[in-house]
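Each chain is listed here by its residues.
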Amino acid sequence: MAVIIDGKELAKKYRAKLKVKCDELKNKGINPKLAVIMVGNDNASQIYVKNKSKVCEEIGIIFEEYLLNENIKQDELINLIEKLNRDDSVHGILLQSPIPSNLNINEAFGKISPEKDVDGFNPVNVGKLALNQDTFVSCTPYGIMKMFESYNIDLTGKNVTIIGRSNIVGKPLIQCCLNKNATVTVCHSKTKDLNEHTKNADILIVAIGKSKFVTDDMVKDGAVVIDVGINRDENGKLTGDVDFENVEKKASYITPVPGGVGPMTIAMLMNNVIKATENAKL
Ligand code: NAD
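Everything in this summary refers to the structure shown in the same document. What you see as residue numbers is a count from 1 along each chain, following the sequence as written. Residue-level local features of this predicted model are given only where pLDDT is at least 70; pairs of side-chain atoms are given and counted only at 80 or more, and the full residue set underlies all totals for whole chains, interfaces and linings. Side-chain calculation: all heavy atoms of the structure are included, whereas hydrogens and water are not.

1. Quick look at the sheet that holds strand β4 (residues 92-95)
In step 1: For two strands to pair, DSSP has to find at least two bridges joining them. For the purposes of this entry, the term helix denotes a DSSP run of H or I that reaches at least four residues, the term strand denotes a run of E that reaches at least two, and both are numbered from the N terminus. Pairing is parallel across the open sheet formed by three strands, whose spatial order is β3-β2-β4. The open sheet terminates on both sides in strands that have one partner only, identified here as β3 (62-68) and β4. Averaged over all pairs of adjacent strands, the angle between strand axes in this sheet comes to 15°, irrespective of strand direction.
In step 2: Here strand β2 (residues 33-39) pairs with β4 via four bridges, running parallel. If you follow Ala35 over to β4, its bridge partner there is Ile93. For helices, the fitted line uses only the C-alpha atoms of the stretch in contact; every axis is such a line through C-alpha atoms, and the angle between N-to-C directions lies from 0 to 180 degrees.

Written out as structure tokens, the structure reads:
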């Protein structure tokens, strides 16, 4: 039976440490602030943003929400981002995705000042990660790397297979794992013979968005399995991309859903806001 990587507990420890740092900043008269922009009324986004606001409150970070009408024009969105870039009281800016498809999200991410880009989506920060320079690492991959660190899972020389190549999870994970000296394979919807790649993995990271997609026959004995997926099964129950019940019997370590990657993602967002605030005061 695998060791269950307790993301919930680990995230709690990180939040406690961040609260101490936040209090220190406040004692010096600096109030960390995160500005969150949401466009339209996407249901899932509303839940994610609510969760982020709760955690900000817990740590003591000021949370400022900008709700924009789904019919806004690109230049109105960019104007808001530029206004927040100029506002010294704002340390982190987050544009919640998705936004309506008529808007250009990549252009918008590129307009967020790299110093306030706490999601790590600005091309400057993406480039810095590729060059293994200090930067804001996108929160989900960063949270996963912290899980490896906390559970003493060394990536050096390991075969890491990532399923999913999104800009927010799969692609930054490639760099994170390479920077830790892993041999990285990336699979996606056009990959042929997926099982061949997954069975070769010492560490398998799954970010697809399909409930229980990874079954035990796809996993090598003793592999570390990280499940990024957030789905609802036929009964409305929250599930990951991995068939947890069966894969757990084969893996050495596994993350549950819920209580795995999710809480660590939010903790790393908070980490990035505190880091942005500390950088700004230098
Ligand atoms: P996405 O939805 O942008 O893309 C999915 C990826 O899966 C694509 O790269 C695609 O090529 C790949 N894929 C789809 N079907 C496949 C198949 N049959 N075989 C192999 N690859 C296949 O990805 P995303 O935004 O990274 O989200 C993935 C999942 O992770 C979603 O469930 C999302 O909700 C979840 N997620 C969770 C967190 C968290 O904090 N826990 C954060 C971000 C995303």
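Let us keep going from here.
2. As for the sheet that holds strand β1 (residues 3-4)
In step 1: Pairing is parallel in the open sheet, where six strands are placed in the order β1-β11-β8-β7-β5-β6. Every other strand in the sheet has two partners, leaving β1 and β6 (183-187) as the edge strands with one partner each.
In step 2: In the sheet, strand β7 (residues 203-206) pairs with strand β8 (residues 224-227) via four bridges, with the strands oriented parallel. Each residue of the ladder has a partner; that of Ile203, found in β8, is Val224.

3. Observations regarding helix α6 (residues 139-150)
In step 1: Between its terminal C-alpha atoms α6 stretches 16 Å, which fits the 16 Å expected from twelve residues at 1.5 Å a residue.
In step 2: We call a residue buried when its accessible area falls under 20% of the maximum for its residue type, exposed when it is over 50%, and partly exposed in between, using a 1.4 Å probe and counting protein chains only. Within α6, ten of the twelve residues are buried, leaving the element largely enclosed by the surrounding structure.
In step 3: Every buried residue of α6 is listed here: Cys139, Thr140, Pro141, Tyr142, Gly143, Ile144, Met145, Lys146, Met147 and Phe148.
In step 4: A positive backbone phi angle near 50° is found at Asn152, which sits one or two residues after α6. A helix is expected to span 1.5 Å multiplied by its residue count minus one.

4. A few points about the pairing of β7
In step 1: Where burial is concerned, the two faces of β7 agree: the one with Ile203 and Ile205 and the one with Leu204 and Val206 are both buried.
In step 2: Strand direction decides the pairing type here: strand β5 (residues 159-163) and β7, joined by four bridges, are parallel. Within the sheet, the bridge partner assigned to Val160 lies in β7 and is Ile203.

5. Side note on the pattern of salt bridges
Oppositely charged side chains may form a pair once their charged atoms are brought near each other.
In step 1: What makes a salt bridge here is a side-chain nitrogen of Lys or Arg within 4 Å of a carboxyl oxygen of Asp or Glu, nothing more. Applying the stated rule across the entire model yields six salt bridges.
In step 2: The partner of Lys19 in a salt bridge is Asp23, with the nearest N and O atoms 3.6 Å apart. Of this pair, Lys19 and Asp23 both sit in helix α1 (residues 7-27), four residues apart, which is roughly one turn of that helix.
In step 3: A salt bridge links Lys33 to Glu64, with the nearest nitrogen and oxygen atoms 3.0 Å apart. Taken together, the residues span a long stretch of sequence, with Lys33 in strand β2 and Glu64 in strand β3 at a distance of 31 residues.

6. What about the side chain of Thr277?
In step 1: Among the secondary structure elements, Thr277 is positioned in helix α10 (residues 261-281).
In step 2: Note on definitions: a residue-residue contact is assigned when non-hydrogen atoms from the two residues lie within 4.5 Å. When residues no more than four places from it in sequence are discounted, the contact partners of Thr277 are Leu25, Ile30, Pro32 and His91.

7. Quick look at unusual backbone geometry
In step 1: Residue Ser97 is joined to Pro98 through a cis peptide bond whose omega torsion reads 5°.
In step 2: Mapped onto the elements, Pro98 comes out in the loop between β4 and α4 (105-111).
In step 3: Omega for the peptide link from Val257 to Pro258 comes to 0°, which places this bond in the cis form.
In step 4: Structurally, Pro258 can be placed in the loop between β11 (253-254) and α10.
In step 5: A positive phi angle, near 70°, is found at Asn181, a position not held by glycine.
In step 6: Of note, Asn181 is situated in the loop between α7 (170-179) and β6.
In step 7: A positive phi angle, near 50°, is found at Lys212, a position not held by glycine.
In step 8: Judged by its relative accessible area of 41%, Lys212 is partly exposed.

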